[in-house]
Amino acid sequence: MAITKRKKRFFDVDIPLIRKETQLQAYEQKELEKRNIKYDLTRMLRGKGVLLQLEVRMNQDKLTTIPKAIQLMPYHLKRMVRKGTNYVEDSFSAECGDSLIKIKPFLITRRKVSRKVRKALRNKAREELIKYVKEKPSERIFEEILKNQIQKSLSLKLKKIYPLSLCEIRIMKVEKFIEGKKESKKPEKEKQDKKEKEPAEEKNDEISSEEEK
């Protein structure tokens, strides 16, 4: 008896973050779920070496992706560091709207600076980034990094300490998703709204009783 060999097929995978599609090969569509893929964004960002890591998910019989990590290529950073300057690095975890993320900022000063200034830049960058991502979902943070929005706002705040020639997020990745985090906040807000409404209703009762008198 002849044995029929299964052939791999190409399946379309949507990448909503950059509004593009790619194709992945597999025997069946289900096999691609939770597969990690890497997408080079260098051409899209006009020579800025950026690597995007995504996780494939099934959504109503369609394959889509969620961003898991974004990284600046080492060769791009080496090209930006020049003589007579200092670079400042950091690595820390922060909680955003739906997950725990790791952020690694990368700063380059215009001139050589003291250790005290470098420490002040590092601490201020950490403080501002933790505050910035606190209420935002991870996908929105990825989008703002690609659009250079986070880097611009951070650079303006760090300018008060010392002007920078480069302010970048070297690595940002999702360490773990926090399930039900958004849902847990809604009941608390509803309780606060009720508490705020109750005194208002009591005041209305007092006014109406005075009118009757």
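Here, every reference points to the structure presented above.
Peer 1: Before we move on, can you summarise the overall build of the chain with the specific residues and values?
Peer 2: Scanning the chain from N- to C-terminus turns up five helices and nine strands. Tracing the chain from N to C terminus, the helices and strands come up as β-β-β-β-β-α-β-β-β-α-α-α-β-α. Split into buried and exposed, the 213 residues of the chain put 37% on the buried side. Sequence-distant contacts, at least 24 apart, represent 58% of the contacts inside the chain between residues at least 6 apart. As displayed, the chain offers around 15,100 Å² of accessible surface, 46% of which is attributable to carbon and sulfur atoms.

Peer 1: Which residues make up the nonpolar core, and what values do they have?
Peer 2: Ile 70, Ile 101, Ile 103, Leu 107, Ile 141 and Met 172 are the most contacted members of the largest nonpolar core, which has 47 residues in total. In terms of residues, this core owes the most to one element, strand 9 (residues 164-177), which gives six residues. Setting aside anything within four residues of it in sequence, one finds Ile 141 in contact with Cys 96, Ile 101, Val 133, Lys 136, Ile 150 and Met 172.

Peer 1: Can you break down the pattern of salt bridges residue by residue, with the values?
Peer 2: By the definition in use, this model includes twelve salt bridges. Between Glu 55 and Lys 68 there is a salt bridge, and its shortest N-O distance comes to 3.1 Å. Here Lys 68 lies in strand 5 (residues 62-72) and Glu 55 lies in strand 4 (residues 50-59), a separation of 13 residues in the sequence. Note on accessibility: Glu 55 and Lys 68 belong to one class, buried. Via salt bridges that share partners, Glu 55, Arg 57 and Lys 68 belong to a single interconnected network.

Peer 1: Report on the packing of aromatic side chains, specifying residues and quantitative values.
Peer 2: For the coordinates displayed, the defined rule picks out one aromatic pair. Ring centres of Tyr 87 and Phe 106 lie 5.6 Å apart, and the angle between their planes is 15°; this geometry places the pair in the stacked category. Separated by 19 residues along the polypeptide, Tyr 87 in strand 6 (residues 87-89) and Phe 106 in strand 8 (residues 99-109) bring together distant segments of the chain. Tyr 87 sits in the partly exposed class, given a relative accessible area of 46%. By relative accessible area, which is 5% here, Phe 106 ends up buried. Sitting over the ring of Tyr 27, Arg 6 keeps its end group 4.4 Å from the ring centre.

Peer 1: Can you tell me about the packing of helix 3 (residues 138-146) against helix 4 (residues 149-158), naming the residues and giving the values?
Peer 2: Remark: helix 3 packs on helix 4, axes separated minimally by 5 Å, with the N-to-C direction vectors making an angle of 75°. Taken together, the axes of helix 3 and helix 4 are roughly perpendicular relative to one another. When helix 3 is examined against helix 4, the residues Ile 141, Glu 144 and Ile 145 are found in contact with a partner set consisting of Gln 149, Ile 150 and Gln 151. Of the residues assigned to the contact of helix 3 with helix 4, the class counts are three nonpolar, two polar and one charged.

Peer 1: Could you give an account of the side chain of Glu 144, naming the residues involved and the relevant values?
Peer 2: Along the chain, Glu 144 turns up in helix 3. Apart from residues lying up to four places away in sequence, Glu 144 is in contact with Tyr 132, Lys 136, Gln 149, Ile 150 and Gln 151.

Calculation criteria
Counting starts from 1 at the beginning of each chain's written sequence and moves along it residue by residue. In keeping with the model being predicted, local features are shown solely for residues with a pLDDT of at least 70 and side-chain atom pairs are shown and tallied solely at 80 or more, while totals for entire chains, interfaces and linings include all residues. Hydrogens and waters are ignored; side-chain quantities use all the structure's heavy atoms. For the purposes of this entry, the term helix denotes a DSSP run of H or I that reaches at least four residues, the term strand denotes a run of E that reaches at least two, and both are numbered from the N terminus. Throughout this description, buried means an accessible area under 20% of the type-specific maximum (1.4 Å probe, protein chains only), exposed means over 50%, and partly exposed covers the range between. Contacts are assigned to residue pairs that have any heavy atoms within 4.5 Å of one another. Per-residue and other accessible areas were derived by the Shrake-Rupley procedure at a 1.4 Å probe size, with only the shown protein chains allowed to occlude residues. Remark: nonpolar core denotes a set of buried residues (Ala, Val, Leu, Ile, Met, Phe, Trp, Tyr, Cys) joined through side-chain atoms within 4.5 Å. The salt bridge criterion pairs a side-chain nitrogen of Lys or Arg with a carboxyl oxygen of Asp or Glu, the two atoms within 4 Å. Aromatic pairs are defined between Phe, Tyr and Trp rings, using the six-membered ring for Trp, whenever the two ring centres lie within 6.5 Å; interplanar angles under 30 degrees are classed as stacked, those over 60 as edge-to-face, and all others as tilted. Whether a charge sits over a ring comes down to the Lys NZ or Arg CZ being within 6 Å of the ring centre and within 35 degrees of the ring normal. Axis definition: a line fitted to C-alpha atoms, over the contacting stretch in the case of helices. Angles run 0 to 180 degrees between N-to-C directions. Orientation categories follow fixed angle ranges, with anything under 35 degrees roughly parallel, anything over 145 roughly antiparallel, 65 to 115 roughly perpendicular, and all other angles oblique. Polar here means any residue outside two lists: the nonpolar Ala, Val, Leu, Ile, Met, Phe, Trp, Tyr, Cys and Pro, and the charged Asp, Glu, Lys and Arg; Gly therefore counts as polar.

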